[in-house]
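Reading the structure
What follows is each chain in one-letter form.
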Amino acid sequence: MKVQIKPGFLFPTQFWTAELNENIEQLQNEAYSIRNNDKDGVRKSNSGLQGYHSRDIRNLDNLPGTNLLLNQIINAVSTIHQISRQGELQLTNFWININGKGSSNTPHTHSGLTYSGVFFIKVPKEMKGGRFLFYRNFNEADLMSTEYMGLFKEGYQKQGYDYPINTISPKENMLVVFPSWVPHAVEINLSDEERISLSFNFKLNRTFSNVK
Ligand SMILES: [Fe+2]
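A short tour of the structure in this document, coming up. (Residues numbered from 1 in each chain as written. Predicted model: local features only at pLDDT ≥ 70, side-chain atom pairs only at ≥ 80, totals over all residues. Heavy atoms only, no water.)

Turning our attention to the coordination of the iron ion. Coordination of the iron ion by the protein is provided by His-108 (NE2), His-110 (NE2) and His-184 (NE2), with metal-donor distances spanning 2.1 Å. You can call His-110 buried: its relative accessible area is 11%. (Donors = N, O, S within 2.8 Å, 3.2 Å for Na, K, Ca; no water. Buried < 20%, exposed > 50% of the residue type's maximum accessible area, 1.4 Å probe, protein only.)

Before going further, it helps to spend a moment on helix H2 (residues 64-84). Counted at 1.5 Å a residue, the expected span for H2 with its 21 residues is 30 Å, and the 32 Å between its end C-alpha atoms agrees. Burial in H2 covers these residues: Gly-65, Thr-66, Leu-69, Leu-70, Ile-73, Ala-76, Val-77, Ile-80 and His-81. For H2, the angular spread of the buried residues around the axis is 130°, confining them to a single face. When the buried face of H2 is taken as reference, the exposed residues oriented beyond 90 degrees from it are Leu-68 and Gln-82. Residues of H2 that are buried make contact with strand S1 (16-19), helix H1 (24-37), strand S4 (88-99), strand S6 (115-122), strand S9 (174-179) and strand S11 (195-205). (Helix = DSSP H or I, 4+ residues; strand = E, 2+ residues; numbered from the N terminus. Expected span 1.5 Å × (residues − 1). Arc of directions from axis to C-beta. Contact = heavy atoms within 4.5 Å.)

Packing of H1 against H2 brings their axes to within 8 Å, and their N-to-C directions diverge by 115°. H2 is crossed by H1, and the crossing has left-handed handedness. Here Gln-26, Leu-27 and Glu-30 of H1 lie close against H2, whose contacting residues are Pro-64, Gly-65, Thr-66 and Leu-69. When its residues are assigned to classes, the contact of H1 with H2 shows three nonpolar, three polar and one charged. (Axes fitted to C-alpha atoms, helices over the stretch in contact; angles between N-to-C directions. Left-handed = near helix turned anticlockwise from the far one by under 90°. Nonpolar A, V, L, I, M, F, W, Y, C, P; charged D, E, K, R; others polar.)

Take a look at the structure:
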């Protein structure tokens, strides 16, 4: 008897994108003012001498454009959440990244949170590198080789799910939201222009209705 082998797929992961309509020039100016007021910033996933990662932004008094952007982000993430889930979301923190030539963000997750995301404030006109990368698994991050993937038969059209890495080409005013546990990174910016983004985290205020 011939054994029947059935292929299946495991665990699709949702992410969401939206195009916003923010004042990009104002947001760029505010990002530079954040860097001017705290030139050191912090070292997190940022790699390379020209990579700036701000501290968490706590005061929006002099950042009206960023304030408006955050309201839009809160609306968008709340809408995403309410489509199929319950409970109150809370914006926990947000910061900016300014990636000059040669800088990148190494693969990482924002574990312990619910939703994370990024909004692109400045994308070099001639984008070289600097794409946003999602990894299926950290262990696969460097395993795109034929030795790992094998060879597909001639005529097979590769699909997004055939790859352990998915890429997003950033565009100004583009919002990307994803589950916080998904490993992600930013490619090295090879352009002479800086690349600016704002990143954020949301957590879910869990309520346990069966606990008194
Ligand atoms: Fe991140």
